[in-house]
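For reference, the chains in residue letters:
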Amino acid sequence: MTNSPILSNSSMIALGCPYRYYRLFIEGYDEPDSDAATQGTILHAARAGYVSQLWRICKHRRKLGQELLRRSPTIFQRALATVMSKYKLTEYEQEQCEALGARFCEAFQLDTGADNHIVERRLYTTYRGYSVEGTPDHVAIYDGGRRAKVIDAKFGHVRVDFETAQHNRQLRLYAWIWFQNHPECQEIDIEIEAPRFGGMKDSHPGTVTRDTLSDVEERLDRKIAELEGCISTSSWLATPDGDACKYCTLHCPLTVSVIIRLLSRALTIHHPIKRRRK
Ligand code: SF4
């Protein structure tokens, strides 16, 4: 481990605007939660609890697998209720979580043929002296580790293209880290779950190998250069950036960035995320 800044998908997106990066990753400022972010956090936590529990039971009693899967909606509802009880939600917000959770549960099938399922485990490696980190929602392992599937659950409103999951930068970064840590792994399927848009049944995992992930290192090289440039000049200017502005809830020193953010939201048709006023 080093004391150098950590590179993750979110920190690299934030670096698109040095000011945003500085506030979040150097000053340690927490962005206020939005309703959509809270809903996503709840559903991710419920999913993680549910999958872990299903797998814990299935791996020891595989014969019970089918029976268990039949009862799994109840297990999910319990997991969701436990997570929701930790938040102050209005009745409407609760209903929204339950409705989306039900869609997830209807479409989700645990692959009981996998060797193992790992849920929300932080992965990290080092690259050019920097820690590179990521926490995939779910990794399924097959063939004694020679194959893996990296799954990302998306509960938001941004429409997902299931067919191009293997081009998703966040998931490619996770796959790259996985390859660094697992020399035995030959290929990784990348899959996106998005219950809001038809669930996982339409999902077609794309396969990546070590040789097809050179863009991940190119992105890391680019971001390291940007970061070192900011550090060496002590310059952290607010710089409107499509990706960084899209989710930014910082008090932005640039009025123009707000316009860009609004435009970016307007152009993303399925992105009606309401934000709480600070
Ligand atoms: S809204 Fe402002 S602070 Fe946020 S990413 Fe855009 S330019 Fe940077």
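The structure this text deals with has already been given above.
What counts, and where the lines are drawn
- Residues take numbers from 1 onward in each chain, read along the sequence in its written order.
- Note on the predicted model: pLDDT of at least 70 is required for a residue's local features to be given, and 80 or more for side-chain atom pairs to be given and counted; whole-chain, interface and lining totals, by contrast, use all residues.
- Numbered from the N terminus, helices here are DSSP runs of H or I no shorter than four residues, and strands are runs of E no shorter than two.
- For a helix, the expected span equals 1.5 Å multiplied by the number of residues minus one.
- Each residue is classed by its C-beta neighbour count within 10 Å, where at least 20 other C-beta atoms makes it buried, 12 or fewer makes it exposed, and intermediate counts make it partly exposed; the C-beta atoms are placed from backbone geometry.
- The reported arc concerns the directions from the helix axis to the C-beta atoms and nothing else.
- Think of it this way: DSSP has to see at least two bridges between two strands before they count as a pair.
- Axis lines are fitted to C-alpha atoms, over the contacting stretch for helices. Their N-to-C directions set the angle, which ranges from 0 to 180 degrees.
- The contact criterion used here is simple: two residues whose C-beta atoms, placed from the backbone, lie within 7 Å are in contact.

S.K.: Lay out helix α5 (residues 91-107) with the relevant residues and their values.
M.R.: Across its 17 residues, α5 extends 25 Å between first and last C-alpha, which sits within 8% of the 24 Å expected from 1.5 Å per residue. For α5, the set of buried residues is Cys97, Gly101, Phe104 and Cys105. Projected down its long axis, α5 carries its buried residues within an arc of 95°, all on one side. Seen from the open side of α5, the exposed residues pointing more than 90 degrees away from its buried face are Glu91, Tyr92, Glu95 and Ala99.

S.K.: I'd like to hear about the sheet that holds strand β5 (residues 138-142), residue by residue, with values.
M.R.: What the five strands build is an open sheet, ordered β2-β5-β6-β7-β8; its pairing is mixed. Only two strands of the sheet have a single partner each, and these edge strands are β2 (116-119) and β8 (206-208). Taking each pair of neighbouring strands and ignoring which way they run, the sheet shows an average axis angle of 25°. When strand β7 (residues 187-193) meets β8, the two strands line up antiparallel, connected through three bridges. The residue of β8 that forms the bridge with Ile188 is Val208. Along the sheet, helix α3 (residues 35-60) makes contact with β2, β5 and β6 (147-153), crossing β2 at roughly 155°.

S.K.: I'd like a description of unusual backbone geometry, backed by residues and values.
M.R.: The residue Asp143 is not glycine, and still its phi comes out positive at about 50°. Within the secondary structure, Asp143 sits in the loop between β5 and β6. The phi torsion at Ser234 lies on the positive side, around 50°, for a residue other than glycine. Relative to the helices and strands, Ser234 is located in the loop between α7 (214-233) and α8 (242-246).

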